Amino acid sequence: MITSEVQEAYELAKKAYAKYGIDTDRVLDQLKNIKISLHCWQGDDVRGFINKDQALTGGIAVTGNYPGAARTPDELRQDLEKAFSLIPGKHKLNLHAIYVDTDEKIDFDEIEPRHYQKWVEWAKEQGLGLDFNPTCFSHPKADDGFTLSHPNKEIRDFWIEHCKRSRKIGEYFGKETGQTCVTNIWIPDGYKDIPVDRLAPRKRLEEALDEIFEEEIDPKFNLDAVESKLFGIGSESYVVGSHEFYIGYALTRNKLICLDMGHFHPTETVSNKLSALSLYSNGMLLHVSRPVRWDSDHVVIMDDELQEIARELVVNNLLEKTYIGLDFFDGSINRVAAWVIGARSMLKALLRAFLEPIELLKEMELKGDYTSRLALREEFKSYPFGAVWDYYCVSQGVPVREEWLAEVKNYEKEVLLKRI
């Protein structure tokens, strides 16, 4: 129920924004239609269920040993249900290929839709969409740091087959849930030290991707994305799938370009890339993370860059062609809380962007009135967007403000701590 306190605060905020022609009711209707894709790998520290004893490779590292990590698909789904119950709106789940739910002993090049049937059934019950990713790491055939660009054709073919099957699973998700699945390919391929030949691995990657995408899949069911990276642990000097490589590939093959907030130089910002890429790309995928000095995958908070990304999406009407997914993994804090903090931060950043007088600010900019532009943007930072957020949370049946934390703490006591 919407309490009188929340209602009164919302009505006051509604009047304040209305002075600038901002209809808060309409804004909340827009926010309600935005889907954030929660990443399953936060719940178990990227272990997965194909081979849980396999060490993390590909430059991936999760720090911390907070109790309660999910050990089975059922536990992971239970944790996700708790997280989704504390996040306003209806969203999606992003699965990696290693999160099969089967008793069969299978390898990465043997995955089939039936191995994810329980995930689909659960998603339907929860009213969620599903996204997907091939897992090109944490496997003996990736231990030397190369997968789709591997010089050994046999190993390269193994990963090509894995990615082909991943696309078919994405298609299966789209057909079953009625929501388009975004299947994103990221590979860790690269050299620790300076290579002699930078071109040959990229030619092999180009050919491998062409083979993977050879089969046409209805974009209503599955959309393909490719993800770059500047460097990684073990690939400090050279990454095959660089940003430049994937820009060229995605634009010439009509694929989504995935921009991960942690995959660029510390002085680069993803927010500044969105408008430029939108002119030439049919769509983009965002992996929302928080790098601290490098691609450290910290839990997303509502910092300056997140707000600037949200503003770019709203101001330039890019939400219809941009898919938003979270991508971080922190084992040092409660994993359910990490999901909730990240998703609510992303949604709050979008709400705040919707609650700016965009047309007026654009008009000031065109007139060269930069004084008013700066002054108004700064003043709007203290406008009562929090009252609008509280009202939205209550109307969506989730806790207001920090009240969700008590539920997570209780869940930790009743469920997570008993897994030890």
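That block above? That's the structure.
Residues numbered from 1 in each chain as written. Predicted model: local features only at pLDDT ≥ 70, side-chain atom pairs only at ≥ 80, totals over all residues. Heavy atoms only, no water.

(A) Highlighting the environment of K118. Inspection of the secondary structure puts K118 in helix 4 (residues 117-126). Relative accessible area serves as the criterion here: at 46%, K118 is assigned to the partly exposed category. Separated by 195 residues in sequence, K118 and L313 place their C-alpha atoms 34 Å apart. (Helix = DSSP H or I, 4+ residues; strand = E, 2+ residues; numbered from the N terminus. Buried < 20%, exposed > 50% of the residue type's maximum accessible area, 1.4 Å probe, protein only.)

(B) Quick look at the nonpolar core. In this structure, L148, F173, L209 and L350 are the most contacted members of the largest nonpolar core, which totals 126 residues. With 13 residues, the top contributor of residues to this core is helix 10 (residues 335-354). Setting aside residues up to four positions removed in sequence, L148 forms contacts with R156, W159, I160, C163, I185, I187, D189, R204, L205, A208, L209 and I212. With six residues, the next largest nonpolar core counts A225, L256, C258 and L285 among its residues. (Core = buried A, V, L, I, M, F, W, Y, C linked by side-chain atoms within 4.5 Å. Contact = heavy atoms within 4.5 Å.)

(C) Representation of the side chain of T183 within the structure. When you line up the elements, T183 lands in strand 4 (residues 181-185). Of note is the side chain of T183, whose polar atom sits 2.6 Å from the side chain of N222. (Polar contact = N/O pair within 3.5 Å; in protein donor to acceptor, adjacent residues only side chain to side chain.)

(D) Main features of the pattern of salt bridges. Under the defined criterion, the tally for this structure stands at 34 salt bridges. Of the charged contacts, one joins D157 and K153 as a salt bridge, the two residues approaching to 2.6 Å between their closest N and O atoms. Placement of both D157 and K153 in helix 5 (residues 153-177) is noted, with a separation of four residues, approximately one turn of the helix. Taking the shortest distance from any N to any O, the salt bridge between R401 and D390 comes out at 2.7 Å. Taken together, the residues span a long stretch of sequence, with R401 in the loop between helix 13 (385-395) and helix 14 (403-414) and D390 in helix 13 at a distance of eleven residues. (Salt bridge = Lys/Arg side-chain N within 4 Å of Asp/Glu carboxyl O.)

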